[in-house]
Each structure stands twice: as structure tokens, then as C-alpha cells.
Amino acid sequence: MIEKNYQPADIEARMSLIWEDSRAFSAGRPERRDAKPFTIVIPPPNVTGSLHMGHALNNTLQDILCRFERMRGRDVLWQPGTDHAGIATQMVVERQLLERQQPGRRELGRARFLERVWQWKAESGGVIINQLKRLGASCDWSRERFTMDEGLSRAVVKVFVELHRQGLIYKDKRLVNWDPKLLTAISDLEVQQIELRGSLWYLRYPLEGKTFNPDDPATFIVVATTRPETMLGDSAVAVNPDDERYAHLVGKHVILPLVGRRIPIIADQYSDPEKGSGAVKVTPAHDFNDFEVGRRHNLPQISVFNQEAALALVGNEDYLRGLPEGAMQLAEELHGADRFAARKQIVTRLEDFGLLERIEPNTHMVPHGDRSGAVIEPYLTDQWYVDAKTLAQPAVAAVRSGATTFVPKNWEKTYFEWMENIQPWCISRQLWWGHQIPAWYGPDGKVFVAETEEEAIGNALGYYVEQEVITPEQGREMALDRNKRAGFITRDEDVLDTWFSSALWPFSTLGWPDETPEVERYYPTNVLVTGWDIIFFWVARMMMMGLHFMKQAPFSTVYIHRLVRDEKGAKMSKSKGNVIDPLGVIDDFGADALRFALARGAAHSHDIKLSPQLVETNRNFATKLWNACRFAEMNACGVSTGFDPTKARQTLNRWIAHETARATREVTEALEEYRFNDAANAMYRFVWNVYCDWYLELAKPVLTGEEGDARSETRAMVAWARDEILKLLHPFMPFITEELWTVTARRDGLLALAPWSRKASALTPEQLALMSTNSPDPLLPPIWLAFEAAEFTDEAAEAEIGWVVDLVTAIRSVRAEMNIPPATLTPLVLAGASAEARERAPRWNDVIRRMARLADISFADRAPEGSLQLLVRGEIAALPLKGVIDFSAEKARLDKELAKADADIKRVDAKLSNEKFVANAPDEIVEEEKEKREAAVARKAKILEALQRLKNAE
């Protein structure tokens, strides 16, 4: 028996245990041995992570697909796991050590520190896995993987070594995003651009051969910069080749202020004549754009900072090379100064020498580390790189050929733009937690890359014997005696970028590099569900690695979902205080309500606006479903053995069978096309409006009437449609539907494994052949009935019941528009009614009168004077309202409403036509104004329609 009240928390805990105990989500179930596989790999959340709304959306959409395909008979593998999250995890453990006043990372040493990290992982890591289970994620949890478990680590090493052997991994000195607090390179994804108010300094660089005079522009060139502290590393001044102001200076030199270094004036398109003075300083070692300019013009790279972003000038040969006598004094005075303190000192000195022309306020984006909060420094250092350009070519071709498709398709343009302009991928990180790079260095710095230390020492000994650095005898002794070779080679201390191991996720999780049955069956995967922000960092790299090592793209479809924002469209952030905690929402309203709210908002074209109130609305929908099932139970509704909905005789029952089939087709087609919002909203309308508000209401007189065939059939149909609803809703709201299925269906087997209501196209040729005969396989009756129901149509039943529904709806709408009190019963005249209407009206007289608040229903050749006329499916329905409402007063009220709607539209138009407003207002504010306009336009249309009705009634 169904409990009186819907209590999500009780249901969710109970259903989770049932699923887990029955291993409902296991891939490779015996009965699906011959089924077609369907594979999704979860974007592995950080092991340090906690469920946020982005996770909730991403995993809800994945779960909808997995449950949908599982019910369609596929052998589903949803591969779960977590990412070791190098920087994040190391920071968590270091912070823990600090809080507990225990020795820090450096004091512990690498080995002992890593022991502490693994200990933390065992005790506290993976909390997010349990949170995903609370959401209802139907992963095969028995196959959970971790990016640093033994198997995946072996895959990472093999890939690194293979790519190095092929010349696709190499070491190089390039600029990286350097975090001076964490002392490591970080990826672009870990850089947060923050808009700050700063300054633009205009500096006078003296021309060589001219006596500098601050009052004579012919003796200097003005450059504009936001970073005067980096000028110590300048190696050129750049002007645009089309800028006539500086054409005569190209090829000449300036003397770098304060430093005295002679640097050239070069022409390069990078310099924008419209910005600043049109001339820019070029510092290849401290700016990404300048680095490229420097490469084009073969400029020296002069690094003036150390790893802590302090000036490092004393002993810096690159800085001191070619400087005049006396330059050492400046180097000694500024050496060791923090970059921001150095900025102030340098600006003061420039001003003292008349080299500072002016300072302008300047708002610009400044890169910060998302973990440390420190300002990121472009830093020139030796790092390991992947030749991404070479690996990208097959990945681009795979998408162009259609082997992999993006949904929505417009994201392919973003993918191509990045892939076709791809830069070398920096894969080394100066951390301890992560996959340590499998490279060892000999006494002279020679690099030996190998899968094991034993292999590396063998390669090193062979090399140095060949080079006659050691004798063959020494080589043999060192090979046999570990003590004698101790310290001969040393391992690279750096670890790999977390994204390197993540790039292997679709095949490493299946057991590669071993040739496992799982690799054979489940690779390539079917679809990847992810956010647009990691197309570059993860999707593209999985494509590159999958194609290179597996010779197949890792997935055939990439579904890109949008962001979850707050109810006003603003991005959620802690600083704004508008973050919605999914676990808090689940506690308040249940996981099903949150899932359904997210699915209903998951459109291809726009972000999701979410609020607790919206989730509560969807909890109310769950309550509506719960109460409908209780109503069916209390009226003894159940599906009798052998019941066939397509053989129903009652028009009302044939109508709900028709509508159920239509809903099945809508939901199935929408899910096949990744239109999650269309599928979810189709179910919302069908359950709330069609089944509950109309079918059950229209069935009540039959259910409470005398016993007979009509009552028995209606009981069975109510239950059958309810069961179909539970199936169709299960991918979206798994907990409540599984509970209601268990309680009401009273049959063996889980809803999670029940057959979906299928279209003919979803059936196998063997099943179709059986159905073409009149003797379907007795082992497949659920599929047979589901097929029949999904294909069923009855246009005659739809025409009759649809007319009743539309008529009542239209009358209710007019009553609301005209403010007619509920207690006032009005007559209805069917004017010039067709033969069908004359037959239908008496059959449904009591129902229409009760639901539309009518005094009576009559027929006439034409509509009476003073009546409002409605056109319902080609039939004229007239409401004589003379004496019921004051036409003049009603017209005045509507005119006032119309004026207000026009004023609202005019006000919004004024804002949206203001270019300054559109350019400066936050996106969510502009979007909110557009929505206000749409609402006002819709309101105006309804008012005009009501006014026209009044005019016609006069």
C-alpha cells in the first residue's frame, strides 16, 4: 500500500539499497550477454571534491541516458571513478598538516608526504562518490577507478614512453603560467581572469644617438605598459608596420631606461596603433604575446624573476650581458625585491629621471591561480611538452568526417578553432602528488625515458659505456650491484599534468594496455556528456590520445550542456552568495525533484536558471504523481492478466492509450536527440495535464459508478497508463518511480531493468519477425505489449475527448479573463453545431457543465446577442454574458491593462536600444530585460484577444 505522504528521504535510502543489493547497474549481466553495449565514462570528479550544481546537472543527464538505454535492453556500462587532482589534493593535505601543527611537506620529504596523501585519500577521499549515489547515479560502482590506481598508472607511463620514443613528447624552454605561491606551472583551466583597476604607464625610451630631453619628443619614443617592473627584461620596442608615426624609427635602437641595454625598434602586427601610444615594450620572457613576437624576430629572452616572482638580477647572465658599467648597482639595489614592490621603485626612478610621461587609470584582466589566489606570472622555464599539433590532426579529421559529432553542432566550430591553432601542451608540474614523470638524468644531464627504473639504468649504462664515460666492467658491476649504481641516475621530480591521465580515461579504465574483454566490448564509448569549458582541456585530449593509441575516436557523440545559473541568470559564486548547494536541495525536496528541475531546463540554446523554488515546484509534481497513484490504488485499479490497451472499447480509455503512445514517441525521440528538456517537459505536461487533470477527472464518474465492463476496463487502463508513466519517468525521477512500481505493480523485477515502451525501429529484426506473425515469443510479452502501445493511435477518440478538453479549457480561460466569479454559472450555446458536436455534447453534458461552471448547454443556429464567441476545433461556442458582466467596465479594465503592457514594452525597448546599457550591463540583466519584454508582448496579445471578443459581443 502506498503511504499517505510522499517522503523522498525514506524512499531514496531504501531504493539505493535495493539497487545496490541486486547489482542492477552491473555491466555484462548474463541475460544481456548478446545485447548491444552502451558505454559512458563519467567525467571523473576530483577526489577532493564535493557535489556542486554543475556535477548534479552533468551526472543527471548521463544517468538519464544510461537508464533510458538500460530499459531499451542495452548492456550499459557507466564507468565511474575519480581524479587524483594534483594541486587540489596536495593543497588539502598541506593545509591539514599546517592546521595540526605537524611537519610540512618539505620537512617530511617526498616519500613520507606521499604516504600522508594516500592516507588522507583512504580516509576522506571519494566523498563525492557517495554524493553521486544520493543523486541516483546508476554507475557500475563495482568498476570504480582512480587515476592513480595501479592499472591506470601503468597506462600513463606506457603512453609517456611511447610518445617520447615517437618524438611527440620532448623537453623545451617556453613560457608557462607560473604560480609563485604554489611554485608550479598550471594549466590555462586553473587560471582565473579577474578584472582589476590598475594603471597604464607611459614611459619615455631614449633614442640611440639622441641626447635625451623630456621636452623634445624627437629624442625618445613613448611606450605604454601595464607592467613597468618587467621592463628590466625588455629586448625590443614594437610598432605596427602600418603606423606612419613610427615608420622612420623602424630598424633604429633605443637605450632601455635605467638599465642601459641597447634594444631595437621592430615592426610587428602585434602592436595596435589604437591602443596606448601605439608602441609597446617587448619582454619575451614575461609575456605570452611578447614571447611569440620574440620568436618571430629572434629576440633574446631575458628572465628577471625567480620562482617566487621576486627580481633575480645579481648573477643573472642573461640580464647582465651587454650592459654598461654601473648597471650592477641597480641590479644589487633591486635584487630580491617582490615584483609589486619593484614596480613602485622602478616607477619612482623613472619619474626622477624624467622618463615617466604620464599615468592613466586602466581596468584590465589579471590572471590569478584559482587555487592559490596569487597573480600568475608568465615564466620562462624548462618543462615537458606534448606535440599537440601533430596529435590534433587526426582528432580534427574525426570530427570533420562525422566519426565524432558534437551536440549541439555549433560547438564543433569552437573545437576546430582551438585545435587548428593548438600550442604545445605543457604536461609537467612542480608537485609531488601525481604521476611522477618516467625520466631519469645521467651525470651529464642526459635524459633516459623508460617504463621502469631498471630499464632506465640499463639504457644509461649502455649509453655511457658506448661513450666511454665508464668502462664495460664498471657497467657490468653497476648493473649487478644496486649500491654501486646508487645516485648514478636521478629521476625527474616533476609530475604530470592531471589532464594527461584524464586524457586516457576512456580506455585506461577498461584495462588498457592489457587486451581485456572490457576494452574489446566497451571501447569506443557511445557518448560523452560534459560542459563546454573543458572541450579544450579534456575532450580534445581524449580525442588525440584515443585516436593515437586505439586507432578509433573514444566516443561517437559529444553532448555539451550549458551552465547552471541562479534564478536571475547570474553565474553562481561564493562571493555573490548565490550558490545553491545540491545536497541541501536534496535534503529539502528530494533528489528526484532536483533531477527533474535540471532536466526540464537543459536546453541546447541557453543556460539553466535554477532556484530552490523551482526545485520545490518539481517536488510538487512528484507529489502529484504520488497522489495519482494513491487514487488509482484506492479505486482498485490494476492491470489484469492479458489486458491489452489497444483493445479498449471505451472512448475515454482509447484516448488515454492514444495520448500515452504519443507521449512515448515524444520522449523517446527527444532522448535519442539529446533534447532532455523537451523529453522532461513532455512528461510534465502528460502526467500533470493529460493524465491527472483530464483523464483521472473524466474517469471518476466511471470509477465510482456501477460495476460493469466499463468500470473494469477503466480500472485496468488507469493502472496501465500509470505503469507506462512510471517507465517513461524513470530515467528522470528514478527513486519515486521505482518505489511506486514496487508497491503498485506487485510484480517481480525492478523498474530499472523493465523494458522501455519501444517504437518498431528500436526492435531487433528477430523480434519484428515474430510480431509479423500472430505468435509472438512467449518470453517477450512485455516487449510485445510495449510495441503495440507505442504504435497505437485512435484519431476518433482524440477528436472527441480533445474537443471536450479544449472546450472546457477555452471557457475557463474566458471566465478568468473576464473576472467571472466561480459561483456564477453561465449558459453555453453551441451555434451552428456539426452533427459530431450534437452527438458529443449530450454524452459529456454533465462533465462539461461541472468542469466549466455552466448552467446549461443548448444549441442554436447562430450565437445570441451579447455573447462572447469561442472557436473550438472549428465549432462555435457562445457564452451569453449580457447581464453577467459590465461590458463597458470590462473594456475599460482591459484598456488599462493594455496601456500598462505597452508602457512595459516601451520601457524595455528604451533600455535594449541603448548601446551603452547593452554593452555595460551584466549578461543576466540584459537577458532578464528581454524576458520581461517577451512576457509583456504575450500579455498584450491576450488582452487584445479579450478586447476583440468584447467588441464582437457588442
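Novice: So what's going on with the environment of Leu313? Residues and values would help.
Specialist: In this fold, Leu313 is placed in the loop between helix 8 (288-297) and helix 9 (317-320). The exposure class assigned to Leu313 is buried, which follows from its relative accessible area of 0%. Contacts of Leu313, omitting those with residues within four sequence positions, involve Leu232, Val304, Tyr319, Leu320, Ala331, Leu334 and His335.

Novice: Requested: an account of the sheet that holds strand 22 (residues 525-531), with residues and values cited.
Specialist: Pairing in this open sheet of three strands is parallel, and the strands run 15-23-22 from one edge to the other. Sheet topology places strand 15 (405-407) and strand 22 at the edges, where each strand pairs with a single neighbour. Pairs of neighbouring strands in the sheet enclose a mean axial angle of 20°, with direction left out of account. As judged from the three bridges shared by strand 15 and strand 23 (residues 555-561), these two strands associate in the parallel manner. Bridge pairing in strand 23 links Phe406 to Val558.

Novice: I'd love a proper account of the pattern of salt bridges, names of residues and values included.
Specialist: Under the definition given, this model contains 66 salt bridges. With its nearest N and O atoms 3.4 Å apart, the salt bridge here joins Glu94 to Arg105. Pair noted here: Glu94 is in helix 3 (residues 86-99) and Arg105 is in helix 4 (residues 105-108), with a separation of eleven residues, a long-range link. In this structure, the salt-bridge partner of Lys281 is Asp234, at a minimum N-O distance of 3.0 Å. With Lys281 in strand 12 (residues 279-282) and Asp234 in the loop between strand 8 (220-225) and strand 9 (236-239), the pair connects residues that are 47 residues apart, well separated along the chain. When its relative accessible area of 6% is taken as the criterion, Lys281 is described as buried. Connected through shared salt-bridge partners, Arg227, Glu229, Arg339, Arg343 and Glu377 make up one network.

Novice: Go over the nonpolar core with me, naming the residues and quoting the values.
Specialist: Among the nonpolar cores identified, the biggest contains 213 residues, and Tyr415, Phe500, Met545, Leu594, Trp655, Tyr691 and Phe732 are the most heavily contacted of them. With 17 residues, helix 25 (residues 676-703) is the largest single contributor of residues to this core. With sequence-adjacent residues up to four places away left out, Met545 is seen in contact with Val159, Leu163, Trp425, Phe500, Ala503, Leu504, Phe507 and Met550. Ranked by size, the runner-up nonpolar core spans 36 residues in total, among them Val259, Ile263, Val347 and Leu355.

Novice: Talk me through helix 32 (residues 845-852); I want residue IDs and the actual numbers.
Specialist: For helix 32, the set of buried residues is Asn845, Val847, Ile848, Met851 and Ala852. The arc enclosing the buried residues of helix 32, seen along the axis, measures out at 170°, which places them on a common side. Where helix 32 is buried, its residues contact helix 25, helix 30 (795-817), helix 31 (835-843) and strand 27 (854-860). Positive backbone phi, approximately 60°, marks Arg853, located one or two places after helix 32.

Novice: Talk me through the pairing of strand 8; I want residue IDs and the actual numbers.
Specialist: For strand 8, a buried count of six out of six residues is recorded, marking the element as mostly surrounded by other parts of the structure. The alternating pattern of strand 8 places Phe220, Val222 and Ala224 on one face and Ile221, Val223 and Thr225 on the opposite face, and all of these are buried.

Novice: Break down unusual backbone geometry for me, with residues and values.
Specialist: What is expected of a backbone is that most residues other than glycine have negative phi and most peptide bonds are trans. Residue Trp512 is joined to Pro513 through a cis peptide bond whose omega torsion reads 20°. Checked against the element boundaries, Pro513 lands in the loop between helix 18 (505-508) and helix 19 (517-522). A cis amide bond links Tyr523 with the next residue in sequence, Pro524, at an omega value of 0°. With respect to the secondary-structure elements, Pro524 resides in the loop between helix 19 and strand 22.

Novice: Lay out the packing of aromatic side chains in plain terms, naming residues and giving numbers.
Specialist: Counting across every chain of the model gives 36 aromatic pairs. Taken together, Phe596, Phe621, Tyr684, Trp688 and Phe732 form an aromatic cluster joined through their ring pairs. Its guanidinium or amino end placed over the ring of Trp141, Lys133 lies 5.2 Å from that ring's centre, counting from NZ or CZ. Between the NZ or CZ atom of Lys446 and the centre of the ring of Tyr463, over which it lies, the distance is 5.0 Å.

Novice: Outline helix 35 (residues 923-953), supporting the account with residue identities and numerical values.
Specialist: The first and last C-alpha atoms of helix 35 sit 46 Å apart over 31 residues, in line with the 45 Å expected at 1.5 Å per residue. Within the sequence span of helix 35, burial applies to Glu924, Val926, Glu929, Ala936, Ile943, Ala946, Leu947, Arg949, Leu950 and Ala953.

Novice: Requested: an account of the packing of helix 10 (residues 327-334) against helix 11 (residues 339-352), with residues and values cited.
Specialist: In contact at an axis separation of 11 Å, helix 10 and helix 11 are set at 145° when each is read in the N-to-C sense. The handedness of the crossing between helix 10 and helix 11 comes out as right-handed. Side by side, helix 10 and helix 11 meet where Leu330, Glu333 and Leu334 of the first sit next to Gln345, Ile346 and Arg349 of the second.

Novice: An account of the sheet that holds strand 27 is needed here, citing residue identities and associated values.
Specialist: Spatial strand order, 27-26-29-28: four strands in an open sheet with mixed pairing. With one partner strand each, in any of the chains shown, strand 27 and strand 28 (867-872) form the two edges of the open sheet. Pairs of neighbouring strands in the sheet enclose a mean axial angle of 25°, with direction left out of account. In terms of strand pairing, strand 26 (residues 826-831) meets strand 29 (residues 875-880) through three bridges, oriented antiparallel. Looking at the pairing, Leu830 lines up with Ala877 of strand 29.

Novice: Can you explain the confidence of the model for the protein? Please cite residues and give values.
Specialist: Looking at the protein, pLDDT values average 92 and 96% of them are 70 or higher. Note that residues 759-785 has pLDDT below 50 and, in this model, 30 contacts with residues that lie over four places away or in other chains.

Novice: Mind laying out the packing of helix 25 against helix 32, listing which residues take part and the relevant values?
Specialist: When two helices pack together, their arrangement is captured by the angle between the axes and the distance separating the axes. At a minimum axis separation of 11 Å, helix 25 and helix 32 run at an interaxial angle of 125°. Between helix 25 and helix 32, the interaxial angle falls into the category oblique. Once helix 25 is placed against helix 32, the crossing between them reads as right-handed. Residue-level contacts link Asp693, Trp694, Glu697, Leu698 and Pro701 of helix 25 to Val847, Arg850 and Met851 of helix 32. Residue composition of the contact of helix 25 with helix 32, by class: five nonpolar, no polar and three charged.

Reading the values: the criteria
Residues numbered from 1 in each chain as written. Predicted model: local features only at pLDDT ≥ 70, side-chain atom pairs only at ≥ 80, totals over all residues. Heavy atoms only, no water. Helix = DSSP H or I, 4+ residues; strand = E, 2+ residues; numbered from the N terminus. Buried < 20%, exposed > 50% of the residue type's maximum accessible area, 1.4 Å probe, protein only. Contact = heavy atoms within 4.5 Å. Pairing = 2+ DSSP bridges. Axes fitted to C-alpha atoms, helices over the stretch in contact; angles between N-to-C directions. Salt bridge = Lys/Arg side-chain N within 4 Å of Asp/Glu carboxyl O. Core = buried A, V, L, I, M, F, W, Y, C linked by side-chain atoms within 4.5 Å. Arc of directions from axis to C-beta. Phe/Tyr/Trp six-rings, centres within 6.5 Å; stacked < 30°, edge-to-face > 60°. Lys NZ or Arg CZ within 6 Å of the ring centre and 35° of its normal. Expected span 1.5 Å × (residues − 1). Left-handed = near helix turned anticlockwise from the far one by under 90°. pLDDT = per-residue confidence, 0-100. Parallel < 35°, antiparallel > 145°, perpendicular 65-115°, else oblique. Nonpolar A, V, L, I, M, F, W, Y, C, P; charged D, E, K, R; others polar.

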